[in-house]
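Residue-level listing of the chains:
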Amino acid sequence: MAMENHTVVPHGEWLEARQQFLAKEKEFTRLRDELSRQRRELPWERVDGEYVFDGPNGKETLSDLFAGRSQLVVYHFMFGSDWEAGCPSCSFWADNFNSIIVHLNQRDVTFVAASKAPFGKLDAYRKRMGWTFKWVSAAANDFNRDYHVSFTPEEAAKGKIDYNYTSQRPFGTEMPGASVFYKDPSGKVFHTYSTYGRGLDMLNVAYHYLDLAPKGRDEAGQKPHPQAWVRRHDEYNG
């Protein structure tokens, strides 16, 4: 959006326009609340596979990752087994994780990130970024594959993968996502929800602040993709 020659009005007109827009914002809030209610009412599927992850506590199953709580959120962080660093865009999202986890814990939610890279690489990168959230490796299991975020080079080369509930062109062998699980009192684990692509927008606080600013995300014209401007937080100049 051009900043030059933007409409400027007296306070009374500004307030009237703002109040009219507030009505639309309230409508959106009500629709979002209703969508969230419907999301919680979606059917679940039983998780029968015994996934074993490698992490700071050694070998842990998916059930172990709940850490005594009944709900688990897993962020599928793009970090391939042969990569030397995590995806810059996923790192942008991960900068939002540290400080919210204590609040999630108070609402019976455990949060972890999971990636295909070996744990040693994940832990070294986590320390470089100054993160404290729990991060586990799915290198020895099919977790990332079963939840449609990791693909073989052969699958990617075909030009079509099953991602975000449709067949689409891959950007590589790793894609981002978030999956949610519930464990009942008997120990049964259920997959309740997964989201991918633009569905992850709600998890990035920085983007929501940018959406309030006059220029918005200001990503139009970024090449080769809208997030081409994003760097790891220790790689920006100035």
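Residues numbered from 1 in each chain as written. Predicted model: local features only at pLDDT ≥ 70, side-chain atom pairs only at ≥ 80, totals over all residues. Heavy atoms only, no water.

Colleague: What should I look at first to understand the nonpolar core in this one?
Modeller: When a protein is soluble and globular, its nonpolar side chains tend to lie buried together. Ranked by size, the top nonpolar core spans 25 residues in total, and within it Tyr 75, Phe 77, Tyr 125, Trp 131, Phe 133 and Trp 135 carry the most contacts. Where this core is concerned, the elements lending two or more residues are α3 (88-94), β5 (109-115) and α5 (119-129). No other element matches α3, which puts 4 residues into this core. Setting aside chain neighbours within four positions, we find Phe 133 in contact with Ala 94, Phe 97, Asn 98, Ile 101, Ala 113 and Arg 126. Counting 22 residues, the second-largest nonpolar core is a separate cluster that includes Val 149, Phe 151, Ile 161 and Val 189. (Core = buried A, V, L, I, M, F, W, Y, C linked by side-chain atoms within 4.5 Å. Buried < 20%, exposed > 50% of the residue type's maximum accessible area, 1.4 Å probe, protein only. Helix = DSSP H or I, 4+ residues; strand = E, 2+ residues; numbered from the N terminus. Contact = heavy atoms within 4.5 Å.)

Colleague: Honestly, the pairing of strand β3 (residues 58-61) in this entry has me stumped. Any pointers?
Modeller: The two faces of the sheet receive side chains in turn, since in a regular strand these alternate between them. With 4 bridges joining them, strand β2 (residues 52-55) and β3 adopt antiparallel strand pairing. Counted as the bridge partner of Val 52 is Thr 61 from β3. Hairpin remark: β2 followed by β3, antiparallel, with 2 residues in the connecting loop. (Pairing = 2+ DSSP bridges.)

Colleague: When you look at the layout of surface pockets in this model, what are you seeing that I'm missing?
Modeller: Of the pockets and cavities examined, the second largest pocket occupies roughly 810 Å³. When residues of the lining of the second largest pocket are assigned to their parent elements, the largest contribution, 4 residues, is made by α3. For the lining of the second largest pocket, the residue count by class is 16 nonpolar, 8 polar and 6 charged. (1 Å grid on protein atoms, 1.4 Å probe; cavity = no way out; pocket = protein on both sides within 12 Å on 5 of 7 lines; lining within 4 Å. Points joined across faces, edges and corners; volume = space filled by probe spheres on them. Nonpolar A, V, L, I, M, F, W, Y, C, P; charged D, E, K, R; others polar.)

Colleague: Where do I start with the pattern of salt bridges in this structure?
Modeller: What the rule picks out here adds up to 15 salt bridges. Between Arg 217 and Asp 201 there is a salt bridge, with its nearest N and O atoms 3.0 Å apart. In this pair, Arg 217 is assigned in the segment after α8 (205-212) and Asp 201 in the loop between β10 (189-196) and α8, connecting sequence segments 16 residues apart. For Asp 201, a relative accessible area of 11% translates into the label buried. Overlapping salt bridges, with partners in common, bring together Arg 128, Arg 232, Asp 234 and Glu 235 in one network. (Salt bridge = Lys/Arg side-chain N within 4 Å of Asp/Glu carboxyl O.)

Colleague: What should I look at first to understand the packing of aromatic side chains in this one?
Modeller: Aromatic ring pairs are defined here through the distance separating the ring centres and the angle between the ring planes. Summed over all chains, the structure comprises 28 aromatic pairs. Of the aromatic side chains, those joined through ring pairs into one cluster are Tyr 75, Phe 77, Phe 79, Phe 97, Phe 111, Tyr 125, Trp 131, Phe 133 and Trp 135. (Phe/Tyr/Trp six-rings, centres within 6.5 Å; stacked < 30°, edge-to-face > 60°.)

Colleague: Would you explain α5 in this entry?
Modeller: Three or four residues apart is the spacing at which side chains of an α-helix point the same way, because the helix has 3.6 residues per turn. Of the positions making up α5, those classed as buried are Phe 119, Leu 122, Asp 123, Tyr 125, Arg 126 and Met 129. For α5, the angular spread of the buried residues around the axis is 165 degrees, confining them to a single face. Turned more than 90 degrees away from the buried face of α5 sit Gly 120 and Lys 127, all of them exposed. On the buried face of α5, the contacting elements are β2, α3, β5 and β6 (135-137). Within two residues after α5, Gly 130 carries a phi angle of roughly 75 degrees, on the positive side. (Arc of directions from axis to C-beta.)

Colleague: Even after reading the chapter, I still don't get a nonpolar patch on the surface, so can you show me in this structure?
Modeller: Judged by side-chain polarity, Val 9, Trp 14 and Leu 15 come together as a nonpolar surface patch covering roughly 270 Å² of accessible area. Its place among the elements puts Leu 15 in helix α1 (residues 11-40). In this structure Leu 15 comes out as partly exposed when scored by relative accessible area, which is 35%. (Patch = residues over 30% accessible without salt bridge, like charges linked within 9 Å, V, L, I, M, F, W, Y side chains within 5 Å. Areas by Shrake-Rupley, 256 points an atom, 1.4 Å probe, with all protein chains shown as cover.)

Colleague: Would you mind going over the environment of Glu 50 with me for this structure?
Modeller: Tracing the sequence through the fold places Glu 50 in the loop between β1 (45-46) and β2. In sequence terms Glu 50 and Gly 221 are 171 residues apart; their C-alpha atoms lie 45 Å from each other.

Colleague: How should unusual backbone geometry be read in this particular structure?
Modeller: Negative phi characterises most residues that are not glycine, and trans characterises most peptide bonds. Note that the residue after Lys 223, namely Pro 224, is joined by a cis bond; omega there is 5 degrees. Here Pro 224 lies in the segment after α8. For Ala 67, which is not glycine, the phi dihedral falls at a positive 55 degrees. Here Ala 67 shows up in the loop between α2 (62-65) and β4 (71-76).

Note that all results are geometric; they support no functional claim without further evidence.
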